[in-house]
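Each chain, letter by letter, is given below.
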Amino acid sequence: MTMKRALTRITYEIIERNYEINQLVLVGIKTRGIYIAQRIAQRLQQLENVEVPVGALDITLYRDDQKEQVGKPELHASSIPESLEGKEVIVVDDVLFTGRTIRAALDAIMDFGRPQKVALAVLIDRGHREVPIRADFVGKNIPTSSAEEIIVEMLEVDGADRVFIHKKGEA
């Protein structure tokens, strides 16, 4: 799978589903979701000649598993370019797994206004949901076992674009 092809697929699906591109806001979940959202926005600019705002969402304080962690959580500021009130928001993340990250993101988004519509775009859907959440736009479905994890590396953070499966417990 090439990342570029998967992101292009997502972009075309967004266009095909008749989104009001001028009412669209992409919100990437920190960290890699932000870069994926930016790349989708660039493709929308190239294809539709419309500049779509991109926001960054930190869901740290919205996670339901924070109580289990020792010490203070590391906080990063969310950066939403405008009110989400009445907008068509697409939440963007790298990997959809249990759905808990997306549940937290939905809670966080409501603090920035009530969108008209919220959709979800993910680069990889690996299954294993714990909450009833599904992606509206998927770059690639990669079924995994619970002993595996999907690692997404991006040029902006890791120096290269690649996706691989890592078996937990292996070096």
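Nothing here was measured: the structure is a model prediction, and the numbers come from that model.

**Regarding the sheet that holds strand β5 (residues 137–141)**
And then number 1: Strand order in the open sheet formed by 5 strands is β2-β1-β3-β4-β5, with parallel pairing between adjacent strands. In the strand order of this sheet, the two ends are held by β2 (54–57) and β5, each with one partner. Averaged over all pairs of adjacent strands, the angle between their axes in this sheet comes to 25°, without regard to strand direction.
And then number 2: As judged from the 5 bridges shared by strand β1 (residues 24–29) and strand β3 (residues 88–96), these two strands associate in the parallel manner. Counted as the bridge partner of Val25 is Val89 from β3.

**Structural notes on the packing of aromatic side chains**
Any pair of aromatic rings gets described here by the distance separating the centres and the angle formed by the planes.
And then number 1: Inspection of every chain in the model, using the stated rule, returns 0 aromatic pairs.
And then number 2: Just above the ring of Phe97 sits the side chain of Arg126; from NZ or CZ to the centre is 3.8 Å.

**Regarding the UniProt feature "short sequence motif: PRPP-binding" (unreviewed entry) in the protein**
And then number 1: Mapped onto the present numbering, the UniProt feature "short sequence motif: PRPP-binding" (unreviewed entry) falls at residues 89–101.
And then number 2: The distance from the first to the last C-alpha atom of residues 89–101 is 16 Å, and the span holds 15% helix and 62% strand.

**Re the nonpolar core**
And then number 1: Among the nonpolar cores identified, the biggest contains 28 residues, and Ile14, Leu26, Ile40 and Ile90 are the most heavily contacted of them.
And then number 2: Among the secondary structure elements, those contributing two or more residues to this core are α1 (3–16), β1, α2 (32–48), β3, β4 (117–125) and β6 (148–153).
And then number 3: When residues of this core are assigned to their parent elements, the largest contribution, 6 residues, is made by α1.
And then number 4: The residues contacting Ile90, other than those within four sequence positions of it, are Ile14, Tyr19, Leu24, Val25, Leu26, Val27, Ala119, Leu120, Ala121 and Phe137.

**Observations regarding the environment of Thr144**
And then number 1: Within the element layout of this structure, Thr144 appears in the loop between β5 and β6.
And then number 2: Sequence separation between Thr144 and Asn22 is 122 residues; the distance between their C-alpha atoms is 37 Å.
And then number 3: Beyond its immediate chain neighbours, meaning those up to four positions away, Thr144 contacts Arg126, His128, Ile150 and Ile165.
And then number 4: Reaching out from Thr144, the side chain makes a polar contact with the side chain of Arg126 at a distance of 2.8 Å.

**Considerations on unusual backbone geometry**
And then number 1: Look at the link from Lys30 to Thr31: it is a cis peptide, with omega at 10°.
And then number 2: Looking at where Thr31 falls in the secondary structure, it is placed in the loop between β1 and α2.
And then number 3: Positive phi is not limited to glycine here, since Asn49 has a value of about 55°.
And then number 4: Considering the arrangement of structural elements, one finds Asn49 in the loop between α2 and β2.
And then number 5: The phi dihedral of His128 is positive, around 70°, even though this residue is not glycine.
And then number 6: Tracing the chain through its elements places His128 in the loop between β4 and β5.

About the thresholds
Residues numbered from 1 in each chain as written. Predicted model: local features only at pLDDT ≥ 70, side-chain atom pairs only at ≥ 80, totals over all residues. Heavy atoms only, no water. Pairing = 2+ DSSP bridges. Helix = DSSP H or I, 4+ residues; strand = E, 2+ residues; numbered from the N terminus. Axes fitted to C-alpha atoms, helices over the stretch in contact; angles between N-to-C directions. Phe/Tyr/Trp six-rings, centres within 6.5 Å; stacked < 30°, edge-to-face > 60°. Lys NZ or Arg CZ within 6 Å of the ring centre and 35° of its normal. UniProt positions renumbered as here; feature names shortened; annotations may be inferred. Core = buried A, V, L, I, M, F, W, Y, C linked by side-chain atoms within 4.5 Å. Buried < 20%, exposed > 50% of the residue type's maximum accessible area, 1.4 Å probe, protein only. Contact = heavy atoms within 4.5 Å. Polar contact = N/O pair within 3.5 Å; in protein donor to acceptor, adjacent residues only side chain to side chain.

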